[in-house]
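A structural walkthrough
Spelled out from the first residue to the last, the chains are:
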Amino acid sequence: MTERTLVLEGNFLPQQETTYVHLPFEMPEGATRLEVEYSYSHRIGSDPFLSGGNTIDLGVFDARGIEFLNAGFRGWSGSERAGFIISETEATPGYLAGPLPPGQWNVLLGLYKIASDGCSYRVAITITTETNHRSTLEFPTPIANLPASALQPRNRSWLRGELHCHTLHSDGDSGVSDVIKLARSRGLDFLAITDHNTISTQRELATMHDSGIILIRGVEVTTFQGHLNVWGIGDWVDFRVQNVEQMNAAIHFAVERGAVTACNHPKPFGPPWEFEHARGYHAIEVWNGPWYVMNQMSLDFWSERLARGKRIVAIGGSDYHRVSELEQPPRAPGTPTTWVKLSEAASEFAILHAIRQGRVSLSDEPDGPFLELRADDAEMGEVL
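A brief structural summary. This one's a predicted model, so the numbers in the text were calculated from it and none came from an experiment.

Some details on the sheet that holds strand 10 (residues 190-192)
- Spatially, the five strands line up as an open sheet ordered 11-10-9-17-18, and their pairing is mixed. With partners counted over all chains shown, the strands left at the sheet margins are strand 11 (214-216) and strand 18 (360-363), one partner each. The mean inter-strand angle of the sheet, taken between neighbouring strand axes irrespective of direction, is 30°.
- Of the strand pairs in this sheet, strand 9 (residues 158-162) and strand 10 are connected by two bridges, and their pairing is parallel. Bridging from a neighbouring strand, Glu162 pairs with Leu191 of strand 10.
- Strands strand 9, strand 10, strand 11, strand 17 (337-341) and strand 18 of the sheet are contacted by helix 5 (residues 348-357), whose axis makes an angle of about 65° with strand 11.

So this is what it looks like as structure tokens:
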């Protein structure tokens, strides 16, 4: 067994802010473990209210390359961690365990905030190899389905659930099972965990048996100009979006594979949605967390488009991240609650189909109240 460490150092300029940098390195034959650690000057948090320093996100691509929408994604942790480990059998949350095939890999640095005097960085890459070990080319595959649940919803027509929350796989502080337990305690029927930019959460969910709640595959595609939720597919969706054309391509990529997509929290410090001419997404998150947190602006964003004839579904999500958010005023799974009306047996497919059709109502908490509209010739989501 042999270890080799490569150190990459350099500087970034203020004009590089909100761009991505790929640092190539060679993965040798026989690699069994990759460890990456990074540091940079004047580090500050990712909170949009913080300024005057640097915030750099971290990720990695394998030998399949870095082509947009077709990259060899192996993980992302944003600015939450100082590094990560990937081996054939285990990986840091946010990263995908599996073979380490030889060839050119790339450390990804996302330059979220760069101070006026610039930023110096250091990346240390340590690779462990074993003599006579040969890596297979069987790369991690998308999760086709999550385990079904024997849950019997209280109301077989209207199901209540959560579409937007986070765990340790991105910038939350709770494990997957803890978030599921919390959602169940809140009386929810379905749950989508949408960790930022990674599908590693889905791999953990796939190992569970009956979670006692209907699970929906999800990821929050987190760009520097706005966030997009994607539900119902196991494919990784590229977040390295730099313009509206690339955002449209990312939405098309997801929808073509059967996903339901949503523009998230279009309001100041949401962050806002800057892709004014983006098209193809199914829904707008008009209610994110407690209502008083600028959600009227998100509702206005949706209403303006509705007035222009764009029939986009309104949804909500708590954006729950941390246990401390359960204190007053609370932000918990189901704050707000998204209700969906089903016309078939409860499942991930049925819930997402109902959202596509607009059979949705929103309430402040899982116990309602919520609004159902009826007419002689149409149901909610249909057109008179």
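What about unusual backbone geometry?
- The step from Gly270 to Pro271 runs through a cis peptide bond, and the omega angle for that step is 5°.
- Secondary-structure assignment places Pro271 in the loop between strand 14 (260-263) and strand 15 (283-288).
- Of note, the bond from Gly368 into Pro369 is cis; its omega dihedral lies within 30 degrees of zero at 0°.
- Mapped onto the fold, Pro369 is located in the segment after strand 18.
- Phi angles above zero are rare outside glycine, and Asn197 is one such case at about 60°.
- Along the polypeptide, Asn197 turns up in the loop between strand 10 and helix 2 (200-205).
- Here Asn197 falls in the buried class, since its relative accessible area comes to 1%.
- Phi at Met294 takes a positive value of approximately 60°, unusual for a residue other than glycine.

Here's the deal with the environment of Glu130
- You can see Glu130 is positioned in the loop between strand 8 (119-129) and strand 9.
- Placed 117 residues apart in sequence, Glu130 and Met247 show a C-alpha to C-alpha distance of 42 Å.
- Contact partners of Glu130, with chain neighbours within four places excluded, come to Met1, Gly30 and Thr32.

Let's talk about the sheet that holds strand 1 (residues 2-12)
- Sheet architecture is open: four strands sit in the order 1-8-3-6, paired in antiparallel fashion. In the strand order of this sheet, the two ends are held by strand 1 and strand 6 (83-87), each with one partner. Between one strand and the next, the sheet's axes are offset by a mean angle of 10°, whatever the strand orientation.
- Sheet topology places strand 3 (residues 31-40) next to strand 6; five bridges connect them, and they run antiparallel. Each residue of the ladder has a partner; that of Glu37, found in strand 6, is Gly83.

Section: the nonpolar core
- Counting 36 residues, the largest nonpolar core has Leu228, Val230, Val237, Met247, Trp273, Tyr281 and Ile284 as its most contacted members.
- When residues of this core are traced back to their parent elements, those giving at least two are strand 5 (73-78), strand 12 (218-223), strand 13 (226-231), helix 3 (244-256), strand 15 and helix 4 (295-307).
- Looking at which element gives the most residues to this core, the answer is helix 3, with five residues.
- One finds Ala31, Val107, Cys119 and Ile127 within the second-largest nonpolar core, a separate group that totals 28 residues.

What counts, and where the lines are drawn
Residues numbered from 1 in each chain as written. Predicted model: local features only at pLDDT ≥ 70, side-chain atom pairs only at ≥ 80, totals over all residues. Heavy atoms only, no water. Pairing = 2+ DSSP bridges. Helix = DSSP H or I, 4+ residues; strand = E, 2+ residues; numbered from the N terminus. Axes fitted to C-alpha atoms, helices over the stretch in contact; angles between N-to-C directions. Contact = heavy atoms within 4.5 Å. Buried < 20%, exposed > 50% of the residue type's maximum accessible area, 1.4 Å probe, protein only. Core = buried A, V, L, I, M, F, W, Y, C linked by side-chain atoms within 4.5 Å.

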